[in-house]
Amino acid sequence: MFVPLGSIILPAGQKWPCCAVLPHKFAFSRGERSGSVMLFPLPRLLAAFSTRPMPLMSDQTSSPRLAQPAQRRPSVAVRIGKITVGGGAPVVVQSMTNTDTEDPASTAKQIAELARAGSELVRITVNTPAAAAAVPRIRERLEMMGVDVPIIGDFHYNGHQLLEAEPACAEALAKYRINPGNVGFGKKKDSQFASIIEMALRYDKPVRIGANWGSLDQSMVAMLMDENHKRAEPWEASHVAREALIRSALDSALRAEEIGLPRDRIILSCKVSGVQELIAVYRDIAGRCDYALHLGLTEAGMGSKGITASSAALAVLLQEGLGDTIRISLTPEPGASRTGEVIVAQELLQTMGLRAFTPLVTACPGCGRTTSEFFQVLARTVQSHVREQMPLWRVKYDGVENLTLAVMGCVVNGPGESKHANIGISLPGNGEAPSAPVFIDGEKAMTLRGDNIAHEFIGILDQYVATKFVSRAG
């Protein structure tokens, strides 16, 4: 391999520019100059730069690094209806409707869909007097549907007016979200912010102070830019913007406490649309407070881009123990269900080992050994069946969300992966015998053949759940 080194000091004290080192078997034993480049064997170069041998592997005597996330950041627990955010509670999944809140029927319907998909908190837009007036009716409809998910009111610009004019709305909501960048401007900012905090105190509601890159408090930005101009070594503009975002959230939280809102009623968020910026912002704010933190990449985008960007940012933070509740802000395809963002959030937490929501199917990606699509169809069928049954299973059985499944496409990894799952099936690849061994808890239990493999495997799965998991009723 070629190793860039910069320069090499020769015994005579001369320096020769060095661009690269040839592979060991091609290098000369004592070093040779080729033009302006000095070539040395790799072992001699390593010895020249270190007085100690450089081990190729980690020290075998040291303790191995644990394959798990870092310890969770300590934070103040906040109660939102029946849900606890922070204080060591499991990371909470939340989502937001995209219906017109003035339409109670469609909004209640979508909230119910999100809740049944697994969203533990649901946020709705409250932007007009009619929307505020509809909130109690939405809550009533949900109660009639047997849905008790906490509803969060999202306020911008006129939240102080809406909450004051519609006390039933203020009462029906489980939490208020305030954007310090647009809660008020100039002299009105402090009084309008205080008005919402006083309403939260009156109705005993928690508040999320959610700063956003796209609606920064411009007075805060101007002040920090002036401070930065006076520095001997000024920060980059992106650093100043991140500081403005963080200061906006922290200063607003301090102001809320001064008004009387306790720390266990405050959640903070600082959302941006860039992955690296989000990671930097939350690492910074996490070290400067102990408020519960809401994670989310704002305007993440559509489809694979939105999923990839959100997962890339949130996975890093969650691995470092940061974050108490998350939302995946996906732009849905036209006509697509809003529940997609809930599933992504759940799968992110579950694949990281932070929570378990539903059995997940391990499936191979396919290759030239598996030109048939049958294993792909079976994997999709099994995952769909699990998601359809999970609402019932969750009520009926204890611990079923930890079930592991595998649908594999050939003999290479199929039997091994299937043995690692609670239930696994290894389908035949090209040229293999037309049989599919089924493994249950690591042991081969049976072999399926014929055209009814999918139906039979679903039956085996249902039977396993019914017999292996403890019924909550008994």
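*Asks:* I'd like to hear about the overall build of the chain, residue by residue, with values.
*Replies:* Each helix and strand in the chain was counted, giving 14 helices and 21 strands. Taking all 474 residues of the chain together, 47% fall into the buried category. Carbon and sulfur atoms provide 54% of the accessible area of the chain, an area that totals close to 23,800 Å².

*Asks:* Lay out the layout of surface pockets in plain terms, naming residues and giving numbers.
*Replies:* Empty space among the atoms becomes apparent when a probe as large as a water molecule is rolled across them. Volume-wise, the largest pocket comes out at about 350 Å³. In terms of lining residues, the largest pocket is bounded by 17 residues, among which Met 96, Thr 298, Glu 299, Arg 327 and Ser 329 are the most central. Of all elements in the fold, only β11 (207-212) and β16 (330-331) reach the threshold of two or more residues within the lining of the largest pocket. Across the lining of the largest pocket, the residue classes break down as three nonpolar, six polar and eight charged. If you add up the space inside the second largest pocket, you get close to 290 Å³. In this structure, the second largest pocket is lined by 14 residues; those nearest its centre are Ala 115, Gly 118, Gln 346, Phe 357 and Arg 394. For the lining of the second largest pocket, the per-class residue count stands at six nonpolar, two polar and six charged.

*Asks:* Let's hear about the pattern of salt bridges: which residues, and what values?
*Replies:* When their charged atoms lie close together, side chains carrying opposite charge are able to pair. Here the structure, examined in full by the defined rule, presents 21 salt bridges. Of the charged contacts, one joins Arg 247 and Asp 251 as a salt bridge, the two residues approaching to 3.4 Å between their closest N and O atoms. Residue Arg 247 and its partner Asp 251 are both found in helix α8 (residues 237-259); the two are separated by four residues, about one turn of the helix. Given a relative accessible area of 34%, Asp 251 falls into the partly exposed group. Note that Arg 327 is salt-bridged to Glu 341, the shortest N-O span being 3.1 Å. Taken together, the positions of Arg 327 in the loop between β15 (325-326) and β16 and Glu 341 in helix α11 (residues 340-351) put the pair 14 residues apart, joining distant regions of the chain. The same class applies to Arg 327 as to Glu 341, namely buried.

*Asks:* Explain the packing of helix α10 (residues 303-319) against α11 residue by residue, including any values.
*Replies:* Orientation of α10 relative to α11, taken along the N-to-C sense of each, is 40°, at an axis distance of 11 Å. The element α10 and its partner α11 pack so that their crossing is right-handed. Contact residues: α10 offers Ile 307, Ser 311, Leu 314, Ala 315 and Leu 318, while α11 offers Val 344, Leu 348 and Leu 349. Here the residues of the contact of α10 with α11 sort into seven nonpolar, one polar and no charged.

*Asks:* Break down empty space enclosed by the protein for me, with residues and values.
*Replies:* Taken as a whole and assessed by the stated rule, the structure comprises one cavity of 30 Å³ or more. The computed volume of the largest cavity comes to approximately 40 Å³. Taken together, Phe 155, His 156, Tyr 157, Asn 158, Gly 159, His 160, Ile 178, Asn 179, Asn 182, Val 183 and Ile 196 make up the lining of the largest cavity. Across the lining of the largest cavity, the residue classes tally to five nonpolar, six polar and no charged.

*Asks:* Hey, could you go over the sheet that holds strand β8 (residues 121-125) for me, with residue numbers and the actual values?
*Replies:* Taken in spatial order, the eight strands close into a barrel running β7-β8-β9-β10-β11-β12-β13-β15, and their pairing is parallel. Sitting on the sheet, helix α9 (residues 275-286) touches β12 (266-271) and β13 (292-295), and the angle it makes with β12 is about 150°. Packed onto the sheet, α11 meets β7 (92-96) and β15 and runs at close to 160° relative to β7.

*Asks:* Mind laying out α10, listing which residues take part and the relevant values?
*Replies:* The terminal C-alpha atoms of α10 lie 24 Å apart, and with 17 residues this matches the ideal 24 Å at 1.5 Å per residue to within 8%. Every buried residue of α10 is accounted for by Gly 306, Ala 309, Ser 310, Ala 313, Leu 314, Leu 317 and Leu 318. An end-on view of α10 places all buried positions within 145° of arc, on one side of the element. Exposed side chains of α10 directed beyond 90 degrees from the buried face belong to Ser 304 and Thr 308. Structurally, α10 contributes buried residues whose contacts are with α9, β13, β14 (301-302), β15, β16 and α11.

*Asks:* Any chance you could break down the state of the cysteines for me, citing the residues and the numbers?
*Replies:* Summed over the entire model, instances satisfying the criterion amount to zero disulfides. Cys 289 takes part in no disulfide bond, and the closest cysteine sulfur, belonging to Cys 270, lies 8.3 Å away.

*Asks:* Explain the confidence of the model for the chain to me, and be specific about the residues and the numbers.
*Replies:* With 86% of its residues at a pLDDT of 70 or more, the chain shows a mean pLDDT of 87. Taken together, the stretch residues 1-40 has pLDDT below 50 and engages in 66 contacts with residues farther than four places along the chain or on a different chain.

*Asks:* Describe the environment of Phe 185, and please don't skip the residues or the numbers.
*Replies:* Mapped onto the elements, Phe 185 comes out in the loop between β10 (175-178) and α6 (188-202). When its relative accessible area of 54% is taken as the criterion, Phe 185 is described as exposed. C-alpha of Phe 185 to C-alpha of Tyr 157: the two residues are 28 residues apart in sequence and 9.0 Å apart in space.

*Asks:* Break down the pairing of β10 for me, with residues and values.
*Replies:* The side-chain alternation of β10 yields two buried faces, one formed by Lys 175 and Arg 177 and the other by Tyr 176 and Ile 178. As defined by bridge partners, strand β9 (residues 151-155) adjoins β10 across four bridges and the pair is classed as parallel. Bridge pairing in β10 links Gly 153 to Tyr 176.

*Asks:* So what's going on with the packing of aromatic side chains? Residues and values would help.
*Replies:* Applying the stated criterion to the full structure yields two aromatic pairs. Measuring from centroid to centroid gives 6.3 Å for Tyr 464 and Phe 469, while their planes differ by 70°, and the two rings are edge-to-face. Directly above the ring of Trp 235 sits Arg 231, whose terminal nitrogen or CZ lies 3.6 Å from the centroid. The aromatic ring of Tyr 291 is capped on one face by Arg 263, whose charged end is 4.4 Å from the ring centroid.

Calculation rules
Residues numbered from 1 in each chain as written. Predicted model: local features only at pLDDT ≥ 70, side-chain atom pairs only at ≥ 80, totals over all residues. Heavy atoms only, no water. Helix = DSSP H or I, 4+ residues; strand = E, 2+ residues; numbered from the N terminus. Buried < 20%, exposed > 50% of the residue type's maximum accessible area, 1.4 Å probe, protein only. Areas by Shrake-Rupley, 256 points an atom, 1.4 Å probe, with all protein chains shown as cover. 1 Å grid on protein atoms, 1.4 Å probe; cavity = no way out; pocket = protein on both sides within 12 Å on 5 of 7 lines; lining within 4 Å. Points joined across faces, edges and corners; volume = space filled by probe spheres on them. Nonpolar A, V, L, I, M, F, W, Y, C, P; charged D, E, K, R; others polar. Salt bridge = Lys/Arg side-chain N within 4 Å of Asp/Glu carboxyl O. Axes fitted to C-alpha atoms, helices over the stretch in contact; angles between N-to-C directions. Left-handed = near helix turned anticlockwise from the far one by under 90°. Contact = heavy atoms within 4.5 Å. Pairing = 2+ DSSP bridges. Expected span 1.5 Å × (residues − 1). Arc of directions from axis to C-beta. Disulfide = S-S within 2.5 Å. pLDDT = per-residue confidence, 0-100. Phe/Tyr/Trp six-rings, centres within 6.5 Å; stacked < 30°, edge-to-face > 60°. Lys NZ or Arg CZ within 6 Å of the ring centre and 35° of its normal.

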